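Understanding the architecture of this molecule
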Amino acid sequence: INKNGVAGKKYYYKVIAIAENTNANSAASAIKSRVCDLARPVITLSNDAATGKIKISWEKVTGGKKYTVYRSSTEHGTYTKVGTTTGLSYTDTKAPKNKVSYYKVDVYGASTASYSDYSLPVSALNHTFSAWKTIIPSTPETEGLKERTCTGCGHLESRVTPVLSRVLATPSL
């Protein structure tokens, strides 16, 4: 195992069998090459605050250039490609509503010979939210509160609204 290999870099190897008697060593094997695999992405899922859609995120993989996102309806089922990006996140706008989806991501380097294994699968529920409802209105002195509920599962989200800015009256002369 080449523990010092650099992801995406091509290495060349040959093997020689060493005997106890150094005069009996084998000839060198044919030279073989192998591109060092990229690290497996580690993904996290969240619901995009603006749309409620499932957002898949990951940290940059050294040597990675293009990430591919896959979705399945079961953890060990068949995964289908849903998108490709050079960024560090992808929002699945077509995930089934009010259903759990499972996601995996892999990454390719500068060449298709340089790639990673799939990430471990992670699941999320694609919520369908109602409109934001004001629970406590903002005032110039206090923050307000808004809530919305998933129409499929009842998941509740809250959002604090900022204190209203104070508008000073124009002085009269």
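Refer to the structure printed above.
An account of the accompanying structure is given in this report. Please read these numbers as outputs of a predicted model, since none were measured by experiment.

Examining the overall build of the protein chain
Counting secondary structure elements, the protein chain contains 0 helices and 12 strands. Starting at the N terminus and walking to the C terminus, you meet the elements of the protein chain as β-β-β-β-β-β-β-β-β-β-β-β. The C-alpha atoms of the protein chain give 27 Å as radius of gyration, which overshoots the globular expectation for 173 residues (16 Å, by more than 25%). Seen along its three principal axes, the alpha-carbon backbone of the protein chain occupies a region of about 105 × 50 × 25 Å. Put simply, the protein chain has 173 residues, and 27% of those count as buried. The contacts in the protein chain between residues at least 6 apart in sequence include a share of 50% that link residues at least 24 apart.

Remarks on the sheet that holds strand β7 (residues 89-92)
Sheet architecture is open: 3 strands sit in the order β3-β4-β7, paired in antiparallel fashion. Both outer strands of the open sheet, β3 (43-47) and β7, are each paired with one neighbouring strand and no more. Adjacent strand axes in the sheet meet at a mean angle of 20° when their direction is disregarded. Across 4 bridges, strand β4 (residues 54-58) lies against β7 in antiparallel orientation.

What counts, and at which threshold
Residues numbered from 1 in each chain as written. Predicted model: local features only at pLDDT ≥ 70, side-chain atom pairs only at ≥ 80, totals over all residues. Heavy atoms only, no water. Helix = DSSP H or I, 4+ residues; strand = E, 2+ residues; numbered from the N terminus. Rg over C-alpha atoms; globule rule 2.2 N^0.38 Å. Buried < 20%, exposed > 50% of the residue type's maximum accessible area, 1.4 Å probe, protein only. Contact = heavy atoms within 4.5 Å. Pairing = 2+ DSSP bridges. Axes fitted to C-alpha atoms, helices over the stretch in contact; angles between N-to-C directions.

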